[in-house]
Amino acid sequence: MVERRYGVYYGGKTHHNIDAYNKSFCRHVFEDVFKDEIEPTLANHVRSDNDVQRNIYSYAAIAEKQGHLQYVSQKTSFRFHIDNHSHYEKLEKYNPLLFCMNDSQYADQNDRERVTEYLKTRFPEKSGFEK
């Protein structure tokens, strides 16, 4: 969509963690740039084939010189699937600032229990935001 609209293609794979967005720019992208593509997806309660991913806002910001592209390493941002046990080793090796654990149709109850135990070990104290 960005390539079609702006004539620029960004081939990088976006990280799977937090992003900072300017609310007025997001409104601009939704209302002025990609309204016809985004509006039909608003009724989706779960992922659907016609979804527009959040990175559309990042790529549009870069194309309009309202954002900047920054590549991050696995020491900054790491995503893994809970059923891939070797990812736990990578998580320990890189000790990233941010990480995202993804469940999938391939994970089973043992994988989910492993996540629970891993997180209890990694974060033994509750944060101030938890009750």
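The preceding data block contains the structure.
Residues numbered from 1 in each chain as written. Predicted model: local features only at pLDDT ≥ 70, side-chain atom pairs only at ≥ 80, totals over all residues. Heavy atoms only, no water.

What the rule picks out here adds up to five salt bridges. Of the charged contacts in the structure, one is a salt bridge between Arg112 and Asp103, with a shortest N-O distance of 2.8 Å. Since its relative accessible area comes to 30%, Arg112 is described here as partly exposed. (Salt bridge = Lys/Arg side-chain N within 4 Å of Asp/Glu carboxyl O. Buried < 20%, exposed > 50% of the residue type's maximum accessible area, 1.4 Å probe, protein only.)

Turning our attention to the packing of helix α2 (residues 23-33) against helix α4 (residues 55-63). One can describe the packing of α2 onto α4 by two numbers: an axis separation of 10 Å at closest approach and a directional angle of 100°. For the element pair α2 / α4, the angle class is roughly perpendicular. Between α2 and α4, the contacting residues are Phe25, Cys26, Val29 and Phe30 on the first element and Tyr57, Ala60 and Ala61 on the second. Of the residues contributing to the contact of α2 with α4, the split by class is seven nonpolar, no polar and no charged. (Axes fitted to C-alpha atoms, helices over the stretch in contact; angles between N-to-C directions. Helix = DSSP H or I, 4+ residues; strand = E, 2+ residues; numbered from the N terminus. Parallel < 35°, antiparallel > 145°, perpendicular 65-115°, else oblique. Contact = heavy atoms within 4.5 Å. Nonpolar A, V, L, I, M, F, W, Y, C, P; charged D, E, K, R; others polar.)

All right, on to the pairing of strand β1 (residues 77-81) then. Taken residue by residue, a regular strand's side chains alternate between the two faces of the sheet. Here β1 runs beside strand β2 (residues 98-102); their pairing, made up of five bridges, is parallel. By the bridge assignment for β2, Ser77 is matched with Leu98. Following the chain from β1 across helix α5 (residues 86-94) to the adjacent parallel β2, one finds a crossover that is right-handed. (Pairing = 2+ DSSP bridges. Right-handed = clockwise from strand over helix to strand, strands pointing away.)

The full count for this structure, using the stated rule, is seven aromatic pairs. Their ring planes at 65° and their centres at 5.2 Å tell us that Phe80 and Tyr88 sit as a pair that is edge-to-face. One exposure class covers both Phe80 and Tyr88, and it is buried. Pairwise contacts between aromatic rings join Phe78, Phe80, Tyr88 and Tyr118 into one cluster. Over the face of the ring belonging to Tyr6 we find Arg5, whose NZ or CZ atom lies 5.2 Å from the ring centre. Sitting above the plane of the Tyr88 ring, Arg114 keeps its charged end 4.4 Å from the centroid. (Phe/Tyr/Trp six-rings, centres within 6.5 Å; stacked < 30°, edge-to-face > 60°. Lys NZ or Arg CZ within 6 Å of the ring centre and 35° of its normal.)

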